[in-house]
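Structural characterization, general
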Amino acid sequence: MNSKSSIVYIAIGSNLNNPPFQVKKAIKAINYLPKTNLLSHSSLYKTKPLDFKNHPDYANIVIKISTSLSPVILLKSLKNIEFNHGRVCNERWGSRIIDLDILLYDNLILNSQTLTIPHSQLRFRDFVLLPLLEISPELTLPTGEKLKTIANNNKEIYIINKTTIVYDSSTCSNSFM
Ligand code: ROI
């Protein structure tokens, strides 16, 4: 049976144990998920920590995937990847080896106890808005708002620099330039 494929945007962040390496490892693991394919990714952004100024800098990226996994199964799969990468559960606002957040799932609006789509912090975070804008400049949110408008309203300047990440899904290897 053919299950419907959805377009999903995922934010990836890391500020521990060689963040660019952790990001690449996570992309690889997501691309390996069943019924899931990486479609595109933004540049890799080196960013100053939001909220915890004394924490190490982050590597942030946004990826676009197609998947036939339901939102809940995808969430569980991402939590599983976080766990396998050694993320400790109780550090909600602390430094983290890897953080994987579902930003958008087709045009779905979902508010459950475990999952909020679009992501509740999406509109407040440059480290998510700018990479998202880079890969989908014409995106309209399920609320009808244009991503461009939201991104331009955000005034936090803490992006340090961008690098190009090259991900070759045929060999499942990737490198930074
Ligand atoms: N700050 C940046 N720059 N990038 C993140 O991914 C990130 N994640 C977080 C908090 C602590 C809010 N700060 C962050 O969870």
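Below or above, wherever it landed, is the structure these notes cover. Only a predicted model underlies this, so the values are computations on that prediction, with no experimental measurement involved.

**Things to note about unusual backbone geometry**
- Here the residue pair I117 and P118 is connected by a cis peptide bond, since its omega of -5° sits within 30 degrees of zero.
- Tracing the chain through its elements places P118 in the loop between β7 (116-117) and α3 (126-135).
- Of note in the backbone geometry, N17 takes a positive phi value of approximately 50° without being a glycine.
- Tracing the chain through its elements places N17 in the loop between β1 (6-14) and α1 (19-31).
- Within the chain, N18 stands out as a residue other than glycine whose phi angle is a positive 65°.
- Take N18: it is sitting in the loop between β1 and α1.

**Points about helix α2 (residues 71-84)**
- Between its terminal C-alpha atoms α2 stretches 20 Å, which fits the 20 Å expected from 14 residues at 1.5 Å a residue.
- Of all the positions in α2, only L74, L78 and I81 are classed as buried. Projected down its long axis, α2 shows its buried positions confined to an angular sector of 55°, all on one face. Away from its buried face by more than 90 degrees, α2 exposes V72, F83 and N84.
- Where α2 is buried, its residues contact β1, α1, β4 (58-67) and β5 (99-105).
- With its phi angle positive at about 85°, G86 sits one or two positions after the end of α2.

**What to know about the environment of H41**
- Here H41 is to be found in strand β2 (residues 36-41).
- Judged by the 23 C-beta atoms lying within 10 Å of it, H41 is buried.
- Considered as a pair, H41 and Y9 are 32 residues apart in the sequence and their alpha carbons are 9.3 Å apart.

**A closer look at the environment of L33**
- You can see L33 is positioned in the loop between α1 and β2.
- Separated by 44 residues in the primary sequence, L33 and S77 place their C-alpha atoms 7.7 Å from one another.
- Beyond its immediate chain neighbours, meaning those up to four positions away, L33 contacts L69 and S77.

So, how was this worked out
Residues numbered from 1 in each chain as written. Predicted model: local features only at pLDDT ≥ 70, side-chain atom pairs only at ≥ 80, totals over all residues. Helix = DSSP H or I, 4+ residues; strand = E, 2+ residues; numbered from the N terminus. Expected span 1.5 Å × (residues − 1). Buried ≥ 20, exposed ≤ 12 C-beta atoms within 10 Å, placed from the backbone. Arc of directions from axis to C-beta. Contact = placed C-beta atoms within 7 Å.

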